[in-house]
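Structure assessment
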Amino acid sequence: MTGAEYGIQPALIPHGKPILVTGLHGQLAQALAAQGGPRIRLAGRPELDFDHPATLATTVARVAPAAIINAAAWTHVDLAESEPAAATRANRDAPHTLARLCAERGIPLLHISTDYVFDGLKGTPYTESDPTSPRCVYGRTKAEGEEAVLRTHAQSIVLRTAWVYSAHGKNFVRSILNAGQQQPQLRVVDDQRGNPTSADDLAWTILRILCQIEHTGWQERYAGLVHACGTGDASWYELAVQTFKAAARHGLTAPDIVPIATKDWPTAAPRPADTRLNTGRLHQTFGLTLPHWQGSLHNTVHQILSTSPQKEAQN
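Anyway, here's the lowdown on the structure attached to this text. No experiment lies behind these values; they were computed from the predicted model shown.

1. Let's talk about the packing of helix α8 (residues 236-247) against helix α10 (residues 293-305)
The interhelical angle for the contact between α8 and α10, taken along N-to-C directions, is 50 degrees, at an axis separation of 9 Å. One finds that α8 runs oblique with respect to α10. You can see that α8 and α10 cross each other, and the crossing is right-handed. On α10, the residues touching Glu238, Leu239, Gln242, Thr243, Ala246 and Ala247 of α8 are Trp293, Gln294, Leu297, His298, Val301 and Leu305.

2. A short note on the pairing of strand β1 (residues 19-22)
Covered by surrounding structure in β1 are Ile19 and Val21 together with Leu20 and Thr22, the residues of both alternating faces. For β1 and strand β2 (residues 40-43), the ladder comprises four bridges, and the chain directions are parallel. The residue of β2 that forms the bridge with Leu20 is Arg41. With respect to chirality, the unit in which β1 leads through helix α1 (residues 27-36) into the neighbouring parallel β2 is right-handed.

3. Examining the packing of helix α4 (residues 84-105) against helix α5 (residues 137-152)
At a minimum axis separation of 8 Å, α4 and α5 run at an interaxial angle of 15 degrees. With respect to α5, the axis of α4 lies roughly parallel. Considering how the two elements wind past one another, α4 and α5 form a crossing that is right-handed. Across from Pro84, Ala87, Thr88, Asn91, Arg92, Pro95, His96, Ala99, Arg100 and Ala103 in α4, the residues of α5 making contact are Val137, Tyr138, Arg140, Thr141, Lys142, Glu144, Gly145, Ala148, Val149 and Thr152. Of the residues belonging to the contact of α4 with α5, the class tally is nine nonpolar, six polar and five charged.

Conventions and cut-offs
Residues numbered from 1 in each chain as written. Predicted model: local features only at pLDDT ≥ 70, side-chain atom pairs only at ≥ 80, totals over all residues. Heavy atoms only, no water. Axes fitted to C-alpha atoms, helices over the stretch in contact; angles between N-to-C directions. Helix = DSSP H or I, 4+ residues; strand = E, 2+ residues; numbered from the N terminus. Parallel < 35°, antiparallel > 145°, perpendicular 65-115°, else oblique. Left-handed = near helix turned anticlockwise from the far one by under 90°. Contact = heavy atoms within 4.5 Å. Buried < 20%, exposed > 50% of the residue type's maximum accessible area, 1.4 Å probe, protein only. Pairing = 2+ DSSP bridges. Right-handed = clockwise from strand over helix to strand, strands pointing away. Nonpolar A, V, L, I, M, F, W, Y, C, P; charged D, E, K, R; others polar.

Take a look at the structure:
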């Protein structure tokens with residue numbers, strides 16, 4: 001089963017108690033709100049602030065949710081190198097607190113993690129049984145958050161995803177479209193590989209998992225690590241090329257896109273070279289597979305550019 005043929009479906013989940021989603025303005029939180037209907041309750045600063053742990057307990061008590069989806073995180077990969085304490089509070093400590101609150105209430109926690117928990121040296125897609133080996137502070141704090149969640153609450157699912165893009169918020173697809181309208185040539189890294197993932201597809205998948213949990217009741221086989229990302233893989237260069245192929249349908253002229261090596265684009269945080277994820281457990285446990293990234297990418301680019309190409313791409 002995939003979400004490709006369904007598109008965005010308001011009120012995808014049945015009526016019931018609220019589902020609390022952290023990360024108020026994030027790509028995934030917004031996609032969950034668009035698809036999940038009135039049960040989705042978004043929360044973020046200042047109401048819910050990972051730097052102030054008391055706000056987590058207050059918000060959970062007020063909402064009294066049936067489940068929590070933690071879609072909030074410190075995602076400034078390079079800045080985390082110079083601010084590790086802040087990254088740790090957001091990516092390890094706050095998820096640990098949420099897991100404890102969920103355990104106290106006996107409700108499921110779905111925690112979103114990342115492919116950056118791996119070093120990218122395996123050479124084949126990572127499975128959930130592979131040991132973590134992060135190369136940067138961001139990856140390390142996310143790996144520590146995974147461990148804290150799973151250690152604290154038995155009814156937890158940690159969903160690792162990768163290279164998330166959306167028609168909203170800050171992401172590679174929107175940034176590359178904006179850059180392409182301002183510069184005649186773009187240099188894009190071609191020796192890092194991963195699984196581009198539509199936030200809409202990921203949201204649909206998460207909601208289907210919640211539907212299954214509510215239909216069957218919690219089962220031990222649901223718990224643990226699950227990889228959830230777009231089908232197929234790409235380099236950043238290939239993703240850029242396909243983005244402008246999709247944009248050409250809206251009359252945008254593609255810039256000259258030049259493939260470069262990671263060493264030619266230095267960053268504060270080292271990037272893993274190959275973090276492709278094996279999603280077999282997602283299909284085996286929940287019967288779900290995300291659509292291929294190229295089809296979802298075309299849908300996203302259409303959303304960005306269909307109304308006002310320059311305005312939407314630059315916002």
